[in-house]
Amino acid sequence: MVNCVKQDIFDRLLLTAFVVTCAALLYIAVASPANRSTAVTDDKALAREGQLLLIKTLYDPLEKLIADGHYQSALLQLEELAKKYPGEPTGLLLRGRIQAARGALPEAVAGYSAAVRANGSFVDARSPLSRRDEIAALVASASQAANDTGSAEAHQFRQHLYYLKSRLAGGCE
Amino acid sequence: MNMHFFTMQGLLFVVLLVLLSVAGCKDGRQSLTTAQPVKIGYMLCNSEAETRERFIPLTRYLSDKTGTRFEFVPVDTHEVEKRFTSGEFLFTHTNSLLYVILKERFGVQLIASEKRGSFGAKTGGGIIVRKGSPIKKVSDLKGKRFAFGPMLAPTGYLAEYNLLLDKGIDPEKDLIYTIPPGSFKHEKLIYGVLYGEYDAAASPLLDLEIMIREGKISADDLVVLAETPLIPYCTFAASKNADPALVEKVKRALLELNQEATASVDGETLKVLKAAWIDGYQTIPDSEYNAIRQMARRANMPPYQTY
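Residues numbered from 1 in each chain as written. Chains lettered and ligands numbered in written order. Predicted model: local features only at pLDDT ≥ 70, side-chain atom pairs only at ≥ 80, totals over all residues. Heavy atoms only, no water.

Asker: Would you mind showing me how to read the interface of chain A and chain B here?
Answerer: The parts lose accessible area when they come together, and the size of an interface is often stated as this lost area. Contacts between the two partners involve 20 residues from chain A and, on the opposite side, 25 residues from chain B. Overall, the association of chain A and chain B removes approximately 1900 Å² of surface from exposure, summing both partners, and the carbon and sulfur fraction of that is 51%. On the chain A side of the interface with chain B, the three residues burying the most area are A:Gln72, A:Leu76 and A:Arg102, jointly 34% of the side's total. Scanning the region where chain A abuts chain B turns up 3 salt bridges. The shortest N-O distance in the salt bridge between A:Arg102 and B:Glu227 comes to 3.3 Å. Scanning the region where chain A abuts chain B turns up 12 residue pairs in polar contact (both at pLDDT 80 or more). For the side of chain A that touches chain B, the secondary structure elements donating two or more residues are helix H3 (71-84) and helix H4 (89-101) of chain A. Here the side of chain A that touches chain B takes 9 residues from H3(A), the largest share from any one element. Split into classes, the residues belonging to the side of chain A that touches chain B amount to 6 nonpolar, 7 polar and 7 charged. (Contact = heavy atoms within 4.5 Å. Buried area = accessible area lost by both parts, 1.4 Å probe. Salt bridge = Lys/Arg side-chain N within 4 Å of Asp/Glu carboxyl O. Polar contact = N/O pair within 3.5 Å; in protein donor to acceptor, adjacent residues only side chain to side chain. Helix = DSSP H or I, 4+ residues; strand = E, 2+ residues; numbered from the N terminus. Nonpolar A, V, L, I, M, F, W, Y, C, P; charged D, E, K, R; others polar.)

Asker: Please explain the sheet that holds strand S6 (residues 125-130) of chain B as it appears in this structure.
Answerer: Two orientations exist for strands paired in a sheet by backbone hydrogen bonds: parallel and antiparallel. Pairing is mixed across the open sheet formed by 5 strands, whose spatial order is S8-S7-S9-S6-S10 (chain B). A strand with exactly one partner marks an edge of an open sheet, and here the two such strands are strand S8 (176-178) and strand S10 (222-227) of chain B. When strand polarity is set aside, the average angle formed by the axes of neighbouring strands in this sheet is 30°. With 3 bridges connecting them, strand S7 (residues 145-147) of chain B and S8(B) associate as parallel partners. Note that in S8(B) the partner of B:Ala147 across the bridge is B:Thr178. Each of S6 and S10 of chain B touches H3(A); the most contacted strand, S10(B), lies at about 145° to it. Strands in contact with helix H6 (residues 154-166) of chain B are S6, S7, S8, strand S9 (200-204) and S10 of chain B; relative to S9(B), the strand with the most contacts, it is inclined by about 125°. (Pairing = 2+ DSSP bridges. Axes fitted to C-alpha atoms, helices over the stretch in contact; angles between N-to-C directions.)

Asker: Where do I start with the packing of H3(A) against H4(A) in this structure?
Answerer: Relative placement of two packed helices is described by the angle separating their axes and the distance separating the axes. Residue and element names in this part refer to chain A. One can describe the packing of H3 onto H4 by two numbers: an axis separation of 10 Å at closest approach and a directional angle of 155°. Compared by their axis directions, H3 and H4 come out roughly antiparallel. Of the two elements, H3 crosses H4, and the hand of that crossing is left-handed. Taken together, the residues of H4 that come into contact with H3 (itself represented by Tyr71, Ala74, Leu75, Leu78 and Glu79) are Gly91, Leu94, Arg95, Ile98 and Ala101. A per-class count over the contact of H3 with H4 returns 7 nonpolar, 1 polar and 2 charged. (Parallel < 35°, antiparallel > 145°, perpendicular 65-115°, else oblique. Left-handed = near helix turned anticlockwise from the far one by under 90°.)

Asker: Hey, could you run me through the environment of B:Lys216 in this one?
Answerer: All names here are of chain B. Tracing the backbone shows Lys216 in the loop between helix H9 (205-213) and S10. Overall, Lys216 belongs to the partly exposed group, its relative accessible area being 36%. Along the backbone, Lys216 and Glu187 are 29 residues apart, and their C-alpha atoms lie at a distance of 9.7 Å. If near-sequence neighbours (up to four positions away) are discounted, Lys216 is found in contact with Glu187, Tyr191 and Met211. Within the structure, the side chain of Lys216 is placed 3.2 Å from the side chain of Glu214, a separation counted as a polar contact. (Buried < 20%, exposed > 50% of the residue type's maximum accessible area, 1.4 Å probe, protein only.)

Printed below as a string of structure tokens:
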């Protein structure tokens, strides 16, 4: 014969408290700070990948238009994108690339400068967004033009140029 | 007794007049109102109302900065030359082709070039078709309905006319072309392409950019078939007889213009550049206008037109 002892409410409360405590300990053990940090890192990496994918989707067709010399079509598309994503740095950079290609160097330098201010990754050689070589080439060709320019706007032109030079040299914002 | 009273009254009146005139000369602005105004002829852009709204604050700014009272004179594109030669205005604000015409025929002095859009003091145009159009390249335009902007428009007519010639299309023989009448011509022809009235059109890049920015059209609605070289945009110039010191003052004032500069118009303080829809002014050499000279020669346009 089994002697069954009937559990009262306090027994059940005690048992529930025991189960909850075990679950809490298990959770703390699994979700330790190291694991939590990994989760955050994963989230950041995911966000970065998402951002890269978005940039690629939005701007790859425009990069092709620019490469093929269809500058006006690219500019009009940039104008359209600027309404949806105002101030988006890749758009600013591509606009600068078109301006440079068409010889508007002060405007191009201002555009690249705004892009780098908005996203420093463009001058980071290790970043997947890096446009370091492109920026360095622009700075080299614009430096001569900035020296030759004697107009009132030259000051602003040189300011943007110095900013890009300092960022390429590793200077911070 | 009465005579003495009137003499005293007359004396008081003269004293009052002298006092008022002395008080009136205390600051520059008051003295501006008494001086003879110097007139600036502004070529009408889309309409007279729009041109007034854009450039009256700039005219007021120039008055404030130079101490010379300037007056806004609206001038229809086709009347600029005639009214300039009749001496109606000493300074001119025109498109770059009209500047070249006035320079070649009357020796006007280049003051400054206007900056607007993506390429500073230069801009371009293009030949547009509707998306999905069977016209895929410029040679497909033969025999098609084409719309140009106004005949004296550098990036709405002249540059595209040359572009067509470059690509082997003679607009006079190969196209059925038209120029829409009335105001807002550039917008009209863009809409005309969009809604099928024309197969293709010549359009300034600036107008396309602005219409997209304002949501009037989408970049996906149109295809730019070919684009023109960049040429100078609107230009400030002065008669060769204008006072050199005043010309220099105007030039300095234009080059110093920044986004914060304001002018008071009808009691309202307005930002000058914002009101004028421009980004500023810069100096470029007259040789930058040579591209326009070459285009005008090739298209048999003034100032080189031969009949």
